[in-house]
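# Results of the structural survey
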Amino acid sequence: MTGEPHLLTPELRAALAGAMLDLVDDLTSTMFCVKNDEGRYVAVNATFVHRAGKRSRREVLGRTAAQLFVPELAERYETQDRAVVESGRPLHHELELISARGGRPRWFLTNKVPLRHDGRVVGLASLSQDVGADAVDDPAMTSLTRIVDHIAAHIDRPIRVPELAEVAGCSVDTLERRVRRVFHRSPGQLVLTTRIDLATALLRESDLPLAEIADRCGFYDQAAFTRTFARLTGRTPAQFRRAHLR
């Protein structure tokens, strides 16, 4: 959120938690869950229950991913979860297959954020949006996972769209269509938001100089980083860091 923190009062924060759980229960194509730091589900929406192949929340709550989903996929989810909890960093735009035991796999776009209490990560919350691809071997989906991994691995340098098309094994026009269909943005915007996501995490977690953060996130210089960050978040990096510290 880009608003100033003092606008979200303690009273609103307290009221928000229950209201959000009610709201996510109405999401018909998005799986929502909260897991504790032991990897057990403590809250899920109705869509999660359905995609897990269960009939009620009672069959899901208290269980782990390994007890609900295909083993090789569950191992991937749990590795992601450990990374989020141990590092305190969110996970964005993870394109992955989700399949319950005995169910049909589908492609989802997943975001996970750590949950903190008294400065300690106590769990995570996750949203997984169904992107509608049923086949495990869908070449469009597997090519997008490659470009997401490529962006993350090379985020500290310029990344051009033709380079991403080559990684995906398709034309620039085809890549544009695939990325917009799944991520609802252009390939260039996907690169940019990945840079901003990393910068946001570094501003929250470290005292690195802004120039170094700019360099790690692949911006030309600190001035370009500041302009872009302010345009997309409504605050300069320095303002964002001060607000977080408060």
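Anything mentioned here points back to the structure above.
Residues numbered from 1 in each chain as written. Predicted model: local features only at pLDDT ≥ 70, side-chain atom pairs only at ≥ 80, totals over all residues. Heavy atoms only, no water.

Bringing the pattern of salt bridges into the picture now. Scanning all chains against the criterion turns up twelve salt bridges. Between Arg216 and Glu212 there is a salt bridge, and its shortest N-O distance comes to 3.0 Å. Here Arg216 and its partner Glu212 are both found in helix H9 (residues 210-216), four residues apart, which amounts to about one turn of the helix. What emerges from the salt-bridge pattern is a single network uniting Lys35, Asp81 and Lys112. (Salt bridge = Lys/Arg side-chain N within 4 Å of Asp/Glu carboxyl O. Helix = DSSP H or I, 4+ residues; strand = E, 2+ residues; numbered from the N terminus.)

With respect to the helices and strands, the residue Ala46 is situated in helix H2 (residues 46-51). Between the C-alpha atoms of Ala46 and Arg241, which are 195 residues apart in sequence, the distance is 37 Å. Contact partners of Ala46, with chain neighbours within four places excluded, come to Asp25 and Arg57. (Contact = heavy atoms within 4.5 Å.)

Each pair of packed helices can be described by the angle between their axes along with the distance between the axes. Close contact between helix H8 (residues 187-205) and helix H10 (residues 222-233) brings their axes to 11 Å; oriented N to C, the two are set at 95°. Relative to H10, the element H8 lies roughly perpendicular. Note on element contacts: H10 touches H8 through Phe225, Thr228, Phe229, Arg231, Leu232 and Thr233, opposite Leu192, Ile196, Ala199, Thr200 and Leu203. Considered class by class, the residues forming the contact of H8 with H10 number seven nonpolar, three polar and one charged. (Axes fitted to C-alpha atoms, helices over the stretch in contact; angles between N-to-C directions. Parallel < 35°, antiparallel > 145°, perpendicular 65-115°, else oblique. Nonpolar A, V, L, I, M, F, W, Y, C, P; charged D, E, K, R; others polar.)

Tallying each qualifying case throughout the model produces six aromatic pairs. Both rings, one in Phe48 and one in Phe69, keep their centres 5.8 Å apart while their planes meet at 90°; by these two values the pair is edge-to-face. Residue Phe48 is found in helix H2, and its partner Phe69 is found in the loop between helix H3 (65-68) and helix H4 (71-87); the two are separated by 21 residues along the sequence. For the pair Phe48 and Phe69, one class covers both residues: buried. Among the aromatic side chains, those forming a connected cluster through ring pairs are Tyr41, Phe48, Phe69 and Tyr77. (Phe/Tyr/Trp six-rings, centres within 6.5 Å; stacked < 30°, edge-to-face > 60°. Buried < 20%, exposed > 50% of the residue type's maximum accessible area, 1.4 Å probe, protein only.)

Burial of strand S1 (residues 30-36) is extensive: six of the seven residues sit out of reach of the surface. Strand direction decides the pairing type here: S1 and strand S5 (residues 120-130), joined by seven bridges, are antiparallel. Opposite Phe32, over in S5, you have Leu127 as the bridge partner. In the sheet, S1 pairs with strand S2 (residues 41-44) via three bridges, with the strands oriented antiparallel. Each bridged residue has a counterpart across the sheet, and for Lys35 the counterpart in S2 is Tyr41. Here S1 hands over to S2 after four residues, with Gly39 in that stretch at a positive phi of 80°. (Pairing = 2+ DSSP bridges.)

Attention now goes to the pairing of strand S3 (residues 91-98). Burial of S3 is extensive: seven of the eight residues sit out of reach of the surface. Here S3 runs beside strand S4 (residues 106-117); their pairing, made up of six bridges, is antiparallel. In the sheet register, Leu97 faces S4, and the bridge partner there is Trp107.

Our focus in this paragraph is the nonpolar core. Counting residues in each nonpolar core, the largest one holds 40 residues, and the members touching the most others are Tyr41, Phe48, Phe69, Leu144 and Leu175. Here this core gets six residues from one element, more than from any other, and that element is helix H5 (residues 139-153). Setting aside anything within four residues of it in sequence, one finds Tyr41 in contact with Cys33, Val34, Lys35, Phe48, Val60, Leu61, Gly62, Arg63, Thr64, Ala65, Leu68 and Phe69. Among the nonpolar cores identified, the runner-up in size contains 13 residues, and Ala199, Phe219, Phe229 and Phe240 belong to it. (Core = buried A, V, L, I, M, F, W, Y, C linked by side-chain atoms within 4.5 Å.)

Attention shifts here to the sheet that holds S3. Overall, antiparallel pairing links the five strands, which are arranged S2-S1-S5-S4-S3 in an open sheet. Looking along the sheet, the strands with just one partner apiece sit at the ends: S2 and S3. Adjacent strand axes in the sheet meet at a mean angle of 25°, parallel and antiparallel pairs treated alike.

Below, the discussion takes up the side chain of Glu163. Here Glu163 is to be found in helix H6 (residues 161-168). Among the polar contacts made by the side chain of Glu163, one reaches the side chain of His150 at a distance of 2.6 Å. Other than its neighbours up to four places away in sequence, Glu163 contacts His150, Arg157 and Pro158. (Polar contact = N/O pair within 3.5 Å; in protein donor to acceptor, adjacent residues only side chain to side chain.)

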